[in-house]
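What follows is each chain in one-letter form.
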Amino acid sequence: IKASIYKGETYNSNGFNEKETGIYMNRYLSINNCDSLIYLDLEVISISFPNAVTANGDGINDVFEINNLLKYKDFHSNELLIFNRQGKKIYERKNISKFSDFWDPMQTNSPSGTYFYRFISKNNIKNIDRVGVIEVFR
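Here's what I pulled together on the structure shown here.

**Some words on the nonpolar core**
In terms of nonpolar packing, the biggest core is built from 24 residues, with Ile47, Phe64, Ile66, Phe75, Leu80, Ile82 and Trp103 touching the most fellow members. Elements with a contribution of two residues or more to this core: strand S5 (78-83), strand S7 (113-121) and strand S8 (128-137). In this structure, isoleucine 47 is in contact with Ile66, Asn67, Asn68, Leu69, Tyr72, Phe75, Phe119 and Ile128, ignoring residues within four places of it in sequence. In terms of nonpolar packing, the next biggest core, distinct from the first, is built from seven residues, Ala3, Ile5, Tyr11 and Phe16 among them.

If you want it as structure tokens, here you go:
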């Protein structure tokens, strides 16, 4: 069995109760002492959102990058929205598929301060609708 779950969830099926990425085996015995083996190849999907960006042009943490998003192909249908403190939308990107799709505050001439994001993704495992705060430092 090849399966995926999100971090913090548990795979509970076919006698398994697993929370970590790995390969697991369950053995079942019939009444005639014949055994069957079931293998589970489990992947725990973990994406995370930064809470700060240091948009100073040094190439380190300059961009609001959703960690591991590009690693997992399950998130191909997505949308990222960035709003300023007044609620004005300053950035929108659909179907992020490469690093340059993430929000770079320098490209939108966004000064230091507090911003808000909304990330929406629909996939075959679970839908995500996440909102949060991002602080931009220069």
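After presenting the structure, the write-up continues.
**Regarding the packing of aromatic side chains**
Tallying each qualifying case throughout the model produces eight aromatic pairs. Members of the aromatic cluster, each reached through a chain of ring pairs, are Phe49, Phe64, Tyr117 and Phe119.

**Points about the layout of surface pockets**
By volume, the largest pocket amounts to about 170 Å³. Around the largest pocket, the lining residues are Tyr6, Lys7, Ile45, Ser46, Ile47, Phe49, Lys126, Asn127, Ile128 and Arg130.

**Thoughts on a nonpolar patch on the surface**
Together, Ile23, Met25, Leu37 and Tyr39 line one region of the surface with nonpolar side chains, adding up to about 430 Å² of accessible area. Turning to its location among the elements, isoleucine 23 is positioned in strand S2 (residues 22-29). Classification of isoleucine 23 as exposed rests on a relative accessible area of 65%.

**A short note on the sheet that holds strand S1 (residues 2-6)**
What the three strands build is an open sheet, ordered S1-S3-S2; its pairing is mixed. Edge positions in the open sheet fall to S1 and S2, since each of these has one partner strand only. Adjacent strand axes in the sheet meet at a mean angle of 30° when their direction is disregarded. The pairing of S2 with strand S3 (residues 35-45) spans eight bridges and is classified as antiparallel. Pairing of asparagine 26 across the sheet is with isoleucine 38, part of S3.

Definitions and limits used
Residues numbered from 1 in each chain as written. Predicted model: local features only at pLDDT ≥ 70, side-chain atom pairs only at ≥ 80, totals over all residues. Heavy atoms only, no water. Core = buried A, V, L, I, M, F, W, Y, C linked by side-chain atoms within 4.5 Å. Buried < 20%, exposed > 50% of the residue type's maximum accessible area, 1.4 Å probe, protein only. Helix = DSSP H or I, 4+ residues; strand = E, 2+ residues; numbered from the N terminus. Contact = heavy atoms within 4.5 Å. Phe/Tyr/Trp six-rings, centres within 6.5 Å; stacked < 30°, edge-to-face > 60°. 1 Å grid on protein atoms, 1.4 Å probe; cavity = no way out; pocket = protein on both sides within 12 Å on 5 of 7 lines; lining within 4 Å. Points joined across faces, edges and corners; volume = space filled by probe spheres on them. Patch = residues over 30% accessible without salt bridge, like charges linked within 9 Å, V, L, I, M, F, W, Y side chains within 5 Å. Areas by Shrake-Rupley, 256 points an atom, 1.4 Å probe, with all protein chains shown as cover. Salt bridge = Lys/Arg side-chain N within 4 Å of Asp/Glu carboxyl O. Pairing = 2+ DSSP bridges. Axes fitted to C-alpha atoms, helices over the stretch in contact; angles between N-to-C directions.

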